[in-house]
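Residues per chain are reported as follows:
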Amino acid sequence: MLITQITATPIRVPRPHPFASSLGINQDSENAVVEIHTDEGITGIGEACSVWDRRGKGDSDDINGLLAAALVGRNPFQISAITESMNQLLHRSFTAKSGIEMALYDIVGKALNTPVYNLLGGKVRDRVLLSRSLSMGKSTEVLAQAEALAAEGYKTLKLKIGQDDHADRESMEAIRQHLGDQVTLRVDANMGWSSAKHAVRQIKALEPFNLELVEQPLHFSDLEGLRFVREHVDVPIMADESVWTPEDAMNCIRQQAADVFNVYVAEAGGLGPAAQVFAIAEAARLPCIIGSMPELSIGTAAQAHLAFAMRNLGFASDVNGLVYHSDDIVHEQLRIEDGYLYPPPGPGLGVTLDRDKVEKYRLKN
């Protein structure tokens, strides 16, 4: 089997409501839909998805230009070799490379008539406990989000914080007063705190609300600061922006900067590198979760296959990026019930393109 064509289509899909965090306000997701065609009639699909880097237009340029030219004629089963070729061509562009790699796994799964999680070692669980993120806002607004999600069956909620210390505390108080211990609460500062000592003060102020985890309190490059925070608070510290790649994971472990890793398929550069991050963490006896936000159903399906195959998935995960959007670009609907995600149907990633929706949301300029 040989690759005959690779295309990427930039799309922009709106969110039902603007989502606010320390990183800013997101009203939509700009991603790229990847299609890889083969000489045996099998087509694989992937999604380049991130709030970072070049996003949909830029990723499409990378894929349609440099990467497609270099990869046409290659055997799609040779995922590791193709990944190495992409890394030699592009220093970063993790999301573009991940979109291609997802499509390769989709091809191999379809050719072998098996779900992608079997290509990653096999299913180790039958369902995945989910978490949902709460957009920043007034405490009444945040509480309304929390109550609605709890009513849907979500058992773990993540409050976005890090911009207004007083507002953060008000929102936590409102949730605990109205929902009690009905939900597990974690927080994500998205690098919002300016110093390690400031982060420690704020975390200690929030500890009475029975926090499960504190995610990325400081800038991704401040591993020394993260270690200081970790050593001076009781709540486990989770790295996200600090641990995109396997190399990042090794650096975090060397610096003893985190208790938990939050892993994204797109930001790691694909399913293979993301699985390597899990393996590195497992060797260091650290649990991981899987993060999500900009993914539509293709990216979410890829995340889901990883979640079902990784042994050290230690907490509820955000494997539900599709729910943060007002529409989607596939025919299937991934099964989410009572706060749990169930395996995508096989083979491959288990989703197929709705070309009318792709055209509807395609960026024309």
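In case you missed it, the structure is sitting above this.
Here is what the cut-offs are and how they apply
Residues numbered from 1 in each chain as written. Predicted model: local features only at pLDDT ≥ 70, side-chain atom pairs only at ≥ 80, totals over all residues. Heavy atoms only, no water. Helix = DSSP H or I, 4+ residues; strand = E, 2+ residues; numbered from the N terminus. Expected span 1.5 Å × (residues − 1). Buried < 20%, exposed > 50% of the residue type's maximum accessible area, 1.4 Å probe, protein only. Arc of directions from axis to C-beta. Core = buried A, V, L, I, M, F, W, Y, C linked by side-chain atoms within 4.5 Å. Contact = heavy atoms within 4.5 Å. Phe/Tyr/Trp six-rings, centres within 6.5 Å; stacked < 30°, edge-to-face > 60°. Lys NZ or Arg CZ within 6 Å of the ring centre and 35° of its normal. Axes fitted to C-alpha atoms, helices over the stretch in contact; angles between N-to-C directions. Parallel < 35°, antiparallel > 145°, perpendicular 65-115°, else oblique. Left-handed = near helix turned anticlockwise from the far one by under 90°. Nonpolar A, V, L, I, M, F, W, Y, C, P; charged D, E, K, R; others polar. 1 Å grid on protein atoms, 1.4 Å probe; cavity = no way out; pocket = protein on both sides within 12 Å on 5 of 7 lines; lining within 4 Å. Points joined across faces, edges and corners; volume = space filled by probe spheres on them.

**Quick word on helix H5 (residues 139-152)**
Point 1. For H5, which comprises 14 residues, the first-to-last C-alpha distance of 20 Å matches the rise-based estimate of 20 Å (1.5 Å per residue) to within 8%.
Point 2. Every buried residue belonging to H5 is among Val142, Leu143, Ala146, Leu149 and Ala150, and all of these are buried. For H5, the buried positions fall inside an angular range of 130 degrees around the axis, keeping them on one side. Exposed positions of H5 whose direction lies more than 90 degrees from the buried face are Thr140 and Ala151.

**Comments concerning the nonpolar core**
Point 1. Grouped together as the largest cluster of nonpolar side chains are 107 residues, with contacts concentrated most on Phe261 and Leu306.
Point 2. Look past the residues within four positions of phenylalanine 261 in its chain and what remains in contact with it is Met238, Ala239, Val243, Ala249, Cys252, Ile253, Val277, Ala281, Leu286, Pro287, Cys288 and Ile289.

**Here's the deal with the packing of aromatic side chains**
Point 1. On inspection of all chains with the given rule, the structure shows two aromatic pairs.
Point 2. Note on phenylalanine 19 and tyrosine 324: the rings are 6.0 Å apart at their centroids and 80 degrees apart in plane angle, and the pair reads as edge-to-face. Pair noted here: phenylalanine 19 is in strand S1 (residues 3-21) and tyrosine 324 is in the loop between helix H12 (297-309) and strand S12 (336-337), with a separation of 305 residues, a long-range link.
Point 3. Its relative accessible area of 8% is what places phenylalanine 19 among the buried residues.
Point 4. Ring geometry for phenylalanine 94 against tryptophan 244: centres 6.1 Å apart, planes inclined by 85 degrees, an arrangement best described as edge-to-face. Residue phenylalanine 94 is located in helix H3 (residues 94-112), and its partner tryptophan 244 is located in the loop between strand S9 (237-239) and helix H9 (246-254); the two are separated by 150 residues in the primary sequence.
Point 5. For tryptophan 244, a relative accessible area of 11% puts it in the buried group.
Point 6. Stacked on the ring of tyrosine 340, the Lys or Arg arginine 127 has its end atom at 3.6 Å from the ring centre.
Point 7. For the cation-ring pair, arginine 335 lies above tyrosine 342, with the distance from its terminal atom to the ring centre recorded as 3.8 Å.

**Side note on unusual backbone geometry**
Leaving glycine out, the prevailing phi sign among residues is negative, and the prevailing peptide bond configuration is trans.
Point 1. In this structure, the amide linkage connecting glycine 346 to the following residue, proline 347, adopts the cis form with an omega of -5 degrees.
Point 2. Along the chain, proline 347 turns up in the loop between strand S13 (340-341) and helix H13 (355-361).
Point 3. If you check the backbone angles, serine 93 has positive phi at about 50 degrees while not being a glycine.
Point 4. As for its placement among the helices and strands, serine 93 is situated in the loop between helix H2 (79-89) and H3.

**Structural notes on the packing of helix H1 (residues 55-71) against H3**
When two helices pack together, their arrangement is given by the angle between the helix axes and the distance between those axes.
Point 1. Where H1 meets H3, the axes come as close as 10 Å, and the angle between the chain directions of the two elements is 55 degrees. With respect to their mutual orientation, H1 and H3 come out oblique. Between H1 and H3 the crossing geometry is right-handed. Listed contacts from H3 to Asp59, Asp62, Ile63, Leu67 and Leu71 of H1 are Thr95, Ala96, Lys97 and Ile100.
Point 2. Of the residues in the contact of H1 with H3, the class split is five nonpolar, one polar and three charged.

**Thoughts on empty space enclosed by the protein**
Point 1. By the definition in use, this model includes one cavity of 30 Å³ or more.
Point 2. Reported here for the largest cavity is a volume of approximately 200 Å³.
Point 3. Residue assignment for the lining of the largest cavity shows that the elements contributing at least two residues are S1 and strand S6 (156-160).

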